[in-house]
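Per-entry structural report
Here is how the chains run, residue by residue.
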Amino acid sequence: MEFPNAFTAGLQPGGLTTDLEVQVFVCYLLKHIGIPATFDQLSEIIQTDGMVNYFEFVAAVSQLKQGGQLSVTHNDSGEEAYTLTQKGKLTADSFEHLVPLSIRERGLEVSASYFAQQRMMEENYAEIIKVQDGYQITLVVSDIGSDLMRLSLFIPKEKQCEAIRKAFMKDPVRIYQSALALFQEAIDSEESSMFV
């Protein structure tokens, strides 16, 4: 009976297989992300699409910390996060060519998407409050300064509120655009009457 290799499990064809490739890829991503990233954030990004196996990632982070390429700091939320040292930046610059271009590009795409989703979740929220005869859920789409949308709904059951919260947080911009589209006819009508 053959057992799968733990260090290639979950790895897609073309994924990184050597210690050096994985270490360079971690440094490359941190260099381009430009902000401290937690272990969990890096892990989620780097394992997307089977670019790197989890165990290889864990070993790479450990080796990079021991080798002085990563320093541990804290992000805005107070969580332990990693940044590159000068040695780590040199590693990324000197050896990035060892990581296939397709993996580097995909890593940057996944990173951008991941952190955009994180910002969206921080800026937009759904608040559920128990009221006398059910629940009130308030959906908020924030922007710099004023909220773009603040919509409160009465919902009879908490489970329904959780389903609404989940759908909203999955794509708050879509919910905002849909709500705006419902009023577009009134907006257009008002604007056209200003020119009559």
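Thresholds applied
Residues numbered from 1 in each chain as written. Predicted model: local features only at pLDDT ≥ 70, side-chain atom pairs only at ≥ 80, totals over all residues. Heavy atoms only, no water. Helix = DSSP H or I, 4+ residues; strand = E, 2+ residues; numbered from the N terminus. Rg over C-alpha atoms; globule rule 2.2 N^0.38 Å. Buried < 20%, exposed > 50% of the residue type's maximum accessible area, 1.4 Å probe, protein only. Contact = heavy atoms within 4.5 Å. Areas by Shrake-Rupley, 256 points an atom, 1.4 Å probe, with all protein chains shown as cover. Lys, Arg positive; Asp, Glu negative; His and termini not counted. Charge placed at Lys NZ, Arg CZ, Asp CG, Glu CD. Patch = residues over 30% accessible without salt bridge, like charges linked within 9 Å, V, L, I, M, F, W, Y side chains within 5 Å. Salt bridge = Lys/Arg side-chain N within 4 Å of Asp/Glu carboxyl O. pLDDT = per-residue confidence, 0-100. Pairing = 2+ DSSP bridges. Axes fitted to C-alpha atoms, helices over the stretch in contact; angles between N-to-C directions. Core = buried A, V, L, I, M, F, W, Y, C linked by side-chain atoms within 4.5 Å.

A look at the overall build of the protein chain
- The helix and strand inventory of the protein chain stands at 7 helices and 5 strands.
- What you see in the protein chain, going N to C, is helices and strands ordered as α-α-α-β-β-α-α-β-β-β-α-α.
- Relative to the globule expectation of 16 Å for 196 residues, the C-alpha radius of gyration of the protein chain, 23 Å, shows a markedly less compact shape.
- Considered along the principal axes of its C-alpha atoms, the protein chain spans approximately 65 × 50 × 35 Å.
- Within the protein chain, buried positions represent 33% of all 196 residues.
- Long-range contacts, defined here as pairs at least 24 residues apart, represent 55% of the contacts in the protein chain between residues at least 6 apart.
- Carbon and sulfur atoms form 54% of the exposed surface of the protein chain, whose accessible area is close to 12300 Å².
- Positive and negative side-chain charges in the protein chain, numbering 15 and 27 respectively, have mean positions lying 4 Å apart.

Focus: a nonpolar patch on the surface
- Taken together, the side chains of L180, L182, F183 and I187 make up a nonpolar region of the molecular surface, amounting to roughly 400 Å² of accessible area.
- The topology assignment puts F183 in helix α7 (residues 172-193).
- Residue classification places F183 among the exposed positions, given a relative accessible area of 54%.

Examining the pattern of salt bridges
- Following the criterion strictly, the structure yields 6 salt bridges and no others.
- Across the pair R106 and D49 runs a salt bridge, and its minimum N-O distance is 2.3 Å. Of this pair, R106 sits in helix α5 (residues 101-123) while D49 sits in the loop between α2 (39-47) and α3 (54-66), and the two are 57 residues apart along the sequence.
- With a closest N to O distance of 3.1 Å, R106 and E109 form a salt bridge. Of this pair, R106 and E109 both sit in helix α5, separated by 3 residues, roughly a single helical turn.
- Owing to a relative accessible area of 30%, R106 belongs among the partly exposed residues under this scheme.
- Within the structure, one salt-bridge network assembled from shared partners comprises D49, R106 and E109.

Overview of the confidence of the model for the protein chain
- When pLDDT is averaged along the protein chain, the result is 86, and 90% of the positions lie at 70 or above.
- This model gives residues 1-6 a pLDDT under 50, and the stretch forms 2 contacts once residues within four places in sequence are excluded.

Some remarks on unusual backbone geometry
- In the Ramachandran plot, D49 falls in the positive-phi region, its phi being about 60° despite a non-glycine side chain.
- For D49, a relative accessible area of 44% translates into the label partly exposed.

Brief notes about a negative patch on the surface
- On the surface, a cluster of negative charge is made up of D76, E122, E123 and D143.
- With respect to the element layout, E123 can be found in helix α5.
- By relative accessible area, which is 43% here, E123 ends up partly exposed.

Re the sheet that holds strand β5 (residues 149-155)
- Within the open sheet, the 3 strands sit side by side as β3-β4-β5. Their pairing is antiparallel. Lying at the two open borders of the sheet, with one neighbouring strand each, are β3 (125-131) and β5. Each neighbouring strand pair of the sheet contributes to a mean axis angle of 20°, computed without reference to strand direction.
- Of the pairings in the sheet, the one linking β3 to strand β4 (residues 134-141) comprises 7 bridges and is antiparallel in character.

Points about the nonpolar core
- Residues F25, L30 and V52 are the most contacted members of the largest nonpolar core, which totals 29 residues.
- Taken together, the elements giving at least two residues each to this core come down to α1 (19-33), α2, α3, β2 (80-84) and α5.
- With 9 residues, the single largest contributor to this core is α1.
- If near-sequence neighbours (up to four positions away) are discounted, L30 is found in contact with I35, A37, L42, L70, Y82 and L84.
- Counting 11 residues, the second-largest nonpolar core is a separate cluster that includes A126, L139, V141 and M169.

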